[in-house]
Amino acid sequence: MRTCQINPSILSADFTNLERELHRIHTADAVHVDVMDNHFVPNLTIGLPVVQRLNEVSDLPLDVHLMINDVDRWGPGYAQAGAASVTFHAEASAAPVKLARDLRAAGARASMALRPATPIEPYLDMLPELDMVLLMTVEPGFGGQAFLDLVLPKIRRTRRAIDGTGLPIALQVDGGVTRETILRAAEAGADVFVAGSSVYGTEDPAVAVDTLRNLAAQ
Ligand code: DX5
Ligand code: ZN
């Protein structure tokens, strides 16, 4: 059985009191922080100063997901800010191998994300440069969207490729993860699950995290 991690997304939390919202997910493995620049995606969230402050007050590791252009330039700053992992989009990077190396050199785990329609195959040779692959299961930009089943075959292909490397590379899915869809994503080979609305949209987010983790481990 694979070890499964649940990383709640604070995109669905109350942005007026993020410190309190972190305590509400104390059962999580990490906190997923969505950085959006209103260019790579049509939405705007938070940037480096807030991530730096979150890192200071959080007991959980920060799993930073950068949905920004010019990520080769801005990405390493998030690693320097103390993020445990920094995810950049392949579509936004001109030099993904260099960026992955820069992130690791700055002390973070290096992670690369793909939009739902971006294939994994052109990136297979760079898997050893990565600590995690994030497969988006919605178009990035907003919480609360429906899980795209069309990504399931890519999750399977990526799992096979990761297993083929023999390296401990995590496979994260993000978008539309619920108590129902997590079963399909886990079965296809994902082992790290981002969940926004299905955690923060419940009465007790800490319990929702445990429920999702138990389902994923089945
Ligand atoms: C969307 C973000 C996700 C989002 C997921 O672009 O990357 O992390 O918060 O939200 P849910 O779980 O509600 O789909
Ligand atoms: Zn995300």
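Each value, and the rule that gives it
- Residues numbered from 1 in each chain as written.
- Chains lettered and ligands numbered in written order.
- Predicted model: local features only at pLDDT ≥ 70, side-chain atom pairs only at ≥ 80, totals over all residues.
- UniProt positions renumbered as here; feature names shortened; annotations may be inferred.
- Helix = DSSP H or I, 4+ residues; strand = E, 2+ residues; numbered from the N terminus.
- Contact = placed C-beta atoms within 7 Å.
- Pairing = 2+ DSSP bridges.
- Axes fitted to C-alpha atoms, helices over the stretch in contact; angles between N-to-C directions.
- Near = placed C-beta within 6 Å.
- Nonpolar A, V, L, I, M, F, W, Y, C, P; charged D, E, K, R; others polar.

- As recorded by an unreviewed UniProt entry, the protein carries the name Ribulose-phosphate 3-epimerase and is attributed to Paeniglutamicibacter kerguelensis.
- Turning to the protein, the UniProt record has this under Catalytic activity (unreviewed entry): "D-ribulose 5-phosphate = D-xylulose 5-phosphate".
- Turning to the protein, the UniProt annotation filed under Sequence similarities (unreviewed entry) states: "Belongs to the ribulose-phosphate 3-epimerase family."

**Digging into the UniProt feature "binding site: a divalent metal cation" (unreviewed entry) in the protein**
Then comes step 1: Mapped onto this numbering, the UniProt entry annotates "binding site: a divalent metal cation" (unreviewed entry) at H32, D34, H65 and D174. These annotated residues cover 143 residues of sequence, but their C-alpha atoms sit close together, with the largest distance between any two at 10.6 Å.
Then comes step 2: Along the chain, H65 falls in strand β3 (residues 62-67).
Then comes step 3: Those residues in contact with H65 that lie beyond four places of it in its chain are H32, V33, D34, V35, T87, A113, L134 and D174.
Then comes step 4: By secondary structure assignment, the location of D174 is in strand β7 (residues 170-174).
Then comes step 5: With sequence-adjacent residues up to four places away left out, D174 is seen in contact with H65, L134, M136, T137 and V194.

**Here we look at the sheet that holds strand β2 (residues 31-36)**
Then comes step 1: In space, the 8 strands of this open sheet follow the order β1-β8-β7-β6-β5-β4-β3-β2, with parallel pairing throughout. A strand with exactly one partner marks an edge of an open sheet, and here the two such strands are β1 (5-8) and β2. Taking the axes of each pair of neighbouring strands and ignoring which way they run, one obtains an average angle of 25 degrees across the sheet.
Then comes step 2: Examined bridge by bridge, β7 and strand β8 (residues 192-195) share 3 bridges and lie parallel to one another. Directly across from D174, in β8, lies its bridge partner V194.
Then comes step 3: Those strands touched by helix α8 (residues 205-216) are β1 and β8, and its axis lies near 145 degrees from that of β1.

**Observations regarding the site of ligand 1**
Then comes step 1: In the vicinity of ligand 1 there are 22 residues, among which S9, L11, G143, G196 and S197 approach most closely.
Then comes step 2: Of all the elements in the fold, those that place two or more residues in the shell around ligand 1 are β2, β8 and α7 (197-200).
Then comes step 3: Its residues assigned to classes, the shell around ligand 1 comprises 7 nonpolar, 13 polar and 2 charged.

**Here's the deal with the packing of helix α5 (residues 152-165) against helix α6 (residues 181-188)**
Then comes step 1: Put simply, α5 and α6 touch, their axes get as near as 8 Å, and they point 35 degrees apart. Contacts between α5 and α6 pair L152, I155, R156 and R159 from the former with R184, A185 and A188 from the latter.
Then comes step 2: Here the residues of the contact of α5 with α6 are counted per class, giving 4 nonpolar, no polar and 3 charged.

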